[in-house]
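Residues per chain, in single letters:
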Amino acid sequence: MKQGSVMKIKSEMRHFMRRTLSICSAGMLFAASAYADSVNDMCKKTDEVCSCAANQLKSEVGDEKYGLYEAIGAVYIANKSSGMNMGDAWDAAVKGEAGKRGKGFTETLNLT
């Protein structure tokens, strides 16, 4: 996958998170459970705002898709920590999760 495709996907995810974070920051906080997952870990705001954003994302996309985001995100974070660049780290995470779910790389990537 080209770096540009990964950047487009990451840009779309950032847009969603910014929109959600602005809702959460405006005081529309939901009863936030303590998410200890990669979706929350990739957020760069306060714990309260990140928890709110993670809850909002989960309510909008559902448990199954949120689980996919979380699984890919966890591997992505580990890959980045081991020194991989952003594009390679994301591609490897998507490829691994696609294999676990018996899906193709592109099909899985399109779900994120």
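Small disclaimer: the values here were computed from a predicted structure and weren't measured.

Draft legend 1. Layout of the environment of Ala-71. Structurally, the position occupied by Ala-71 is in helix H4 (residues 63–81). On a C-alpha basis, the gap between Ala-71 and Glu-97 in space is 7.1 Å, while along the polypeptide they are 26 residues apart. In contact with Ala-71, not counting residues within four places along its chain, are Glu-97 and Arg-101.

Draft legend 2. Layout of the pattern of salt bridges. Using the criterion set out here, one finds four salt bridges in the structure. Note that Glu-97 is salt-bridged to Arg-101, the shortest N-O span being 2.6 Å. In this pair, Glu-97 and Arg-101 both sit in helix H5 (residues 86–101), four residues apart, roughly one turn of the helix. The partly exposed category is assigned to Arg-101, whose relative accessible area is 35%. What emerges from the salt-bridge pattern is a single network uniting Glu-97, Lys-100 and Arg-101.

Analysis parameters
Residues numbered from 1 in each chain as written. Predicted model: local features only at pLDDT ≥ 70, side-chain atom pairs only at ≥ 80, totals over all residues. Heavy atoms only, no water. Helix = DSSP H or I, 4+ residues; strand = E, 2+ residues; numbered from the N terminus. Contact = heavy atoms within 4.5 Å. Salt bridge = Lys/Arg side-chain N within 4 Å of Asp/Glu carboxyl O. Buried < 20%, exposed > 50% of the residue type's maximum accessible area, 1.4 Å probe, protein only.

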